[in-house]
Amino acid sequence: MSKRWVLFQSPVWRWGRWFVLGFLALRIGFWLTAFPNPDEAYYWLWGQRPGFSYYDHPPFHAWVQGLFSVFGRSALVLRLPNLISSGILGISFYRICRYLYGEQARDRFWLVVLLGLSSPLFFWYLGLAWHDHWLVTFAVISSFLLVRYVDEAIENPGGGSRDLYGAALFLGLAGLCKYNALFVGLGFFALLVTDKNRRQLLRDRRLYLALGLLLLVLSPILIWNIQHDFFSFRFYRDRTAGGGLSLNLLQPVVFLALCGLILGPIQSWSIGHLLRKQGQTNLTRTSCYPALALWIFGLSTAAFTALSTVSVALFYWNILAYPLLLPLLSDRFYRQGAKLVRTGQLAIAQGLGLFAATALVGYYTVIPFSTFLGAVDPDGAALFGWPQIAQEVTAQAQTLEDPLLLTTDYRSASALAYQLNNPSVLAISGRLDQFDFWYDAAALDGRDAVLVGETWHPICPTHLTMFDRVDQPKTLEVQRFGQPLQTYQIVRGYGFRAGPAGYPLRPDYPLAFTGNGEQCE
C-alpha cells in the first residue's frame, strides 16, 4: 500500500473516521455558504486597505486577506486561509506526535484530531476568518521549535540554532496575529528560569539574537503605534480598565466554567487529570514539552482569571492555553498494545462536539434559533439580509453624485462593504474603531451620502445634524422564514459636515456620546 495512506491504517482512525468526516463536512459547509460574520467582513475590509497594523488587532490576518483578494471576493476565498492554516496545524501536530511518541504517532495524531475537532472552541474559532486560526498555528509551531531547541541545547550545547531562530520567527508571526501570543514567550521564559539545568541557556547569546529577530518581526506594530499615538496599545488598556476596576469574586468562577464548557467537558476533565499527574505522560523520549505546555496553560489561564475578578475577560482570549495540551491528553485514551481505551468518554466528546458544531453552523447559515424563543440576537441577525440591504442602498445612491456610503456601526459598515465589494464604505459611530483612522475629513466634507442604521445601532438625531439636510428615512425589515430579525433605516443626506482633521479621535466629535453607539442621547 502507498506510504501516503499509512496514516489511515490506524485503529483510532477506523473508530473515529465518521466523526472526523462529519466535522469536516460541517466546517466546509460553513466555509462555503455562511455570509461573513461581522468581524470576518471587518478584517476582510482591512485587507483592502493595507497598513503596518490596525487599531483593534495586529495586521497579519489582514495582510493575508489582502493577498487572497487577487482571487476575487467569495466565501471560499475569504476562508481559504483557514483551510491552509488547518493543514499546517495538522502537519505540526503530527510532527509533535512523532517527536513525543515515536511509532505511536499515527494513533496519537488521530486522537489529537478527534479531541480538537470535538472542542467547540477549536471547531469554531479555527473555522472563522478571524486572527485566531493563524495565532494558534504559529504559536504551536513556535512552541514546538522552542522545545526542540531546549532539548537539543541541553544535550549538545551550541545545537538547535535553526530551531531557535525558527521559533523566534513564528512567535513573531503569532504576535502579528494577536497580542496574547505573549504567553508563549512568558511560558518559555518560565520554563528556563524554573529549572537549574535549563537556566544555563539564559547565557546563550543566540537567545538574544533570536529576541532581536522577534522584535524585528513585530516592528510593524510598533511603527503603526508610533504613527498613531499608541492608540492600539491604549485600546487594550481601556478595554480592560476603561470602565473602572471593580472586584467581583463570582466572575472568575463564571469565566472558568465557560472556558471548560466551550473547550469541551471531556477535554476539560482530561486536563484536570493531567494536572493531577503534574503533566506526567507516557512519552517515548525525555523532553521539556509537557513543562512548556503546562506553563503556557497556567500563565494564560491565571492571567485571564485574575483579570476577570476586576474587569472583562472573554473565554476565547484564553485559546492559547490548550493546543499544546492536546497531544498529552491522548494518554487518557490510548495504551500501547491495548490501543484505544475509554472509548465511551471519547464518544461522548464526539457526540457533544457534533451537536454543538451543527447548532453553530445552523445558527449562522439558516437562522438564529433564539428568534423562535422571542430573544433578540443582533449579532446573529447581522448575518442575514445584506443582498436586500445592498440593493436598496444602491438604488438610493443612484441619484447622488459621488455619494458616501455610511453606517452607524463598524459591523454594518463591514458587511455592506463586503456585499458591495466596495472598501470605501465608512462607519460613523460613537465607538472608536478602525474606521476612525480611515476618516479623511477633507475628502468627505460636503458630499452627499446614504446612511444606514438598524435597531441595534440606530440613526440618532446627532447623525442627522451632521448633514445640511436629509430625506425621510426608508425602513427595511429583514426576515428569515417569516421571523423578523432586524429593522434597518436608510436615509439620504446632503452636504456631509465632516469636521476638522482627525475629527473622530477628538473629544468634540459629536457622536462620542457612548462607547458603542447602541443608544441615542
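Right above here is the structure, for reference.
The following paragraphs examine the structure supplied in this document.

Reading guide: rules and limits
Residues numbered from 1 in each chain as written. Predicted model: local features only at pLDDT ≥ 70, side-chain atom pairs only at ≥ 80, totals over all residues. Heavy atoms only, no water. Helix = DSSP H or I, 4+ residues; strand = E, 2+ residues; numbered from the N terminus. Rg over C-alpha atoms; globule rule 2.2 N^0.38 Å. Buried < 20%, exposed > 50% of the residue type's maximum accessible area, 1.4 Å probe, protein only. Contact = heavy atoms within 4.5 Å. Areas by Shrake-Rupley, 256 points an atom, 1.4 Å probe, with all protein chains shown as cover. Lys, Arg positive; Asp, Glu negative; His and termini not counted. Charge placed at Lys NZ, Arg CZ, Asp CG, Glu CD. Core = buried A, V, L, I, M, F, W, Y, C linked by side-chain atoms within 4.5 Å. Disulfide = S-S within 2.5 Å. Salt bridge = Lys/Arg side-chain N within 4 Å of Asp/Glu carboxyl O. Pairing = 2+ DSSP bridges. Phe/Tyr/Trp six-rings, centres within 6.5 Å; stacked < 30°, edge-to-face > 60°. Lys NZ or Arg CZ within 6 Å of the ring centre and 35° of its normal. Right-handed = clockwise from strand over helix to strand, strands pointing away.

### As for the overall build of the chain
For the chain, the helix and strand inventory stands at 23 helices and eight strands. By the compact-globule yardstick of 24 Å for 521 residues, the chain fits well, its C-alpha radius of gyration being 25 Å. Reported as C-alpha extents along the three principal axes, the dimensions of the chain are approximately 75 × 50 × 50 Å. Here the chain holds 521 residues, and 55% of them are scored as buried. The contacts in the chain between residues at least 6 apart in sequence include a share of 76% that link residues at least 24 apart. In the form shown here, the chain has an accessible surface area of approximately 22500 Å², with 61% of it arising from carbon and sulfur atoms. One finds the centroid of the 40 positive side-chain charges in the chain at a distance of 16 Å from the centroid of its 33 negative side-chain charges.

### Focus: the nonpolar core
Judged by nonpolar contacts, the single largest core of 164 residues is most densely connected at Phe188, Tyr322, Leu325, Leu406, Phe435, Tyr439 and Phe496. Element by element, the count of residues in this core is highest for helix H7 (residues 132–155), at 14 residues. Dropping the residues within four chain positions of it, Phe435 is found in contact with Tyr42, Leu45, Tyr410, Ala413, Ser414, Val425, Leu426 and Ala427. The next biggest cluster of nonpolar side chains, apart from the first, holds five residues, and it includes Trp224, Phe231, Phe235 and Phe437.

### Thoughts on the state of the cysteines
Under the counting rule described, the total for this entry stands at one disulfide. Between the sulfur atoms of Cys460 and its disulfide partner Cys520 the distance amounts to 1.9 Å. The chirality of the disulfide connecting Cys460 with Cys520 is left-handed, given an S-S dihedral of about -80 degrees. Of this pair, Cys460 sits in the loop between strand S5 (449–454) and helix H23 (461–464) while Cys520 is found in the segment after strand S8 (483–496), placing the two residues 60 residues apart along the sequence. Relative accessible area serves as the criterion here: at 1%, Cys460 is assigned to the buried category. For Cys520, a relative accessible area of 34% puts it in the partly exposed group. Residue Cys97 stays outside any disulfide, its sulfur separated by 16 Å from that of Cys288, the closest cysteine.

### Describing helix H20 (residues 410–420)
Counting buried positions along H20 yields nine of 11 residues, so the element is predominantly enclosed. The complete set of buried residues in H20 reads Tyr410, Arg411, Ser412, Ala413, Ser414, Ala415, Leu416, Ala417 and Tyr418. Where H20 ends, the next residue or the one after it, Asn421, has phi of about 55 degrees, a positive value.

### Re unusual backbone geometry
Unusually for a residue other than glycine, Arg342 sits at a positive phi of about 50 degrees. In this structure, Arg342 sits in the loop between strand S2 (339–340) and helix H17 (343–365). Given a relative accessible area of 31%, Arg342 falls into the partly exposed group. Although it is not a glycine, Asp402 sits at a positive phi angle of roughly 50 degrees. For Asp402, the position within the fold is in the loop between helix H19 (386–397) and strand S3 (404–407).

### Observations concerning the pattern of salt bridges
Counted under the stated rule, the structure contains 13 salt bridges. Measuring nitrogen to oxygen at the nearest pair gives 2.6 Å for the salt bridge that ties Arg108 to Asp331. In this pair, Arg108 is assigned in helix H5 (residues 105–117) and Asp331 in the loop between helix H16 (326–329) and strand S1 (334–335), connecting sequence segments 223 residues apart. One exposure class covers both Arg108 and Asp331, and it is buried. Connected through shared salt-bridge partners, Asp379, Asp409 and Arg411 make up one network.

### Concerning the pairing of S5
The buried fraction of S5 amounts to six of the six residues, a majority that puts the element mostly inside the structure. Of the two faces of S5, the one holding Ala449, Leu451 and Gly453 and the one holding Val450, Val452 and Glu454 are both buried throughout. Where S3 and S5 come together, four bridges link them in parallel fashion. Pairing of Leu404 across the sheet is with Ala449, part of S5. In this sheet, S8 lies alongside S5 in antiparallel orientation, the contact comprising six bridges.

### Points about the side chain of Gln104
Relative to the assigned elements, Gln104 resides in the loop between helix H4 (75–101) and H5. Overall, the relative accessible area of 13% leaves Gln104 in the buried class. When sequence neighbours within four positions are dropped, the list of residues in contact with Gln104 reads Thr284, Tyr334 and Gln336.

### Quick look at the environment of Phe369
Counting through the fold element by element, Phe369 comes out in the loop between H17 and helix H18 (378–381). By relative accessible area, which is 36% here, Phe369 ends up partly exposed. Ignoring sequence-local partners within four residues, the contact set of Phe369 consists of Ala359, Gly362 and Tyr363.

### Thoughts on the packing of aromatic side chains
Each aromatic ring pair is summarised here by two numbers: the centre-to-centre distance and the angle between the ring planes. Summed over the entire model, instances satisfying the criterion amount to 42 aromatic pairs. Measuring from centroid to centroid gives 5.1 Å for Phe109 and Trp110, while their planes differ by 65 degrees, and the two rings are edge-to-face. With relative accessibility at 10%, the residue Phe109 sits in the buried group. Taking relative accessible area as the criterion, Trp110 reaches 7% and is therefore assigned buried. An aromatic cluster of at least three residues, connected via ring pairs, comprises Tyr42, Tyr43, Trp46, Tyr54, Tyr410, Phe435 and Trp438. One cation-aromatic arrangement involves Arg27 over Phe123; the distance from NZ or CZ to the ring centre is 4.8 Å. Sitting over the ring of Tyr418, Arg73 keeps its end group 4.4 Å from the ring centre.

### Examining the side chain of Arg108
By relative accessible area, which is 2% here, Arg108 ends up buried. Once residues within four sequence positions are removed from consideration, Arg108 is found in contact with Cys97, Tyr101, Asn282, Ser330, Asp331 and Tyr334.

### Structural notes on the pairing of S3
On S3, burial covers both faces: Leu404 and Leu406 on one face and Leu405 and Thr407 on the other are all buried. As paired strands, S3 and strand S4 (residues 426–427) are joined by two bridges and run parallel to one another. In the sheet register, Leu406 faces S4, and the bridge partner there is Leu426. Running through H20, the crossover from S3 to the neighbouring parallel element S4 is right-handed.

Nothing here speaks to function; it is geometry throughout.
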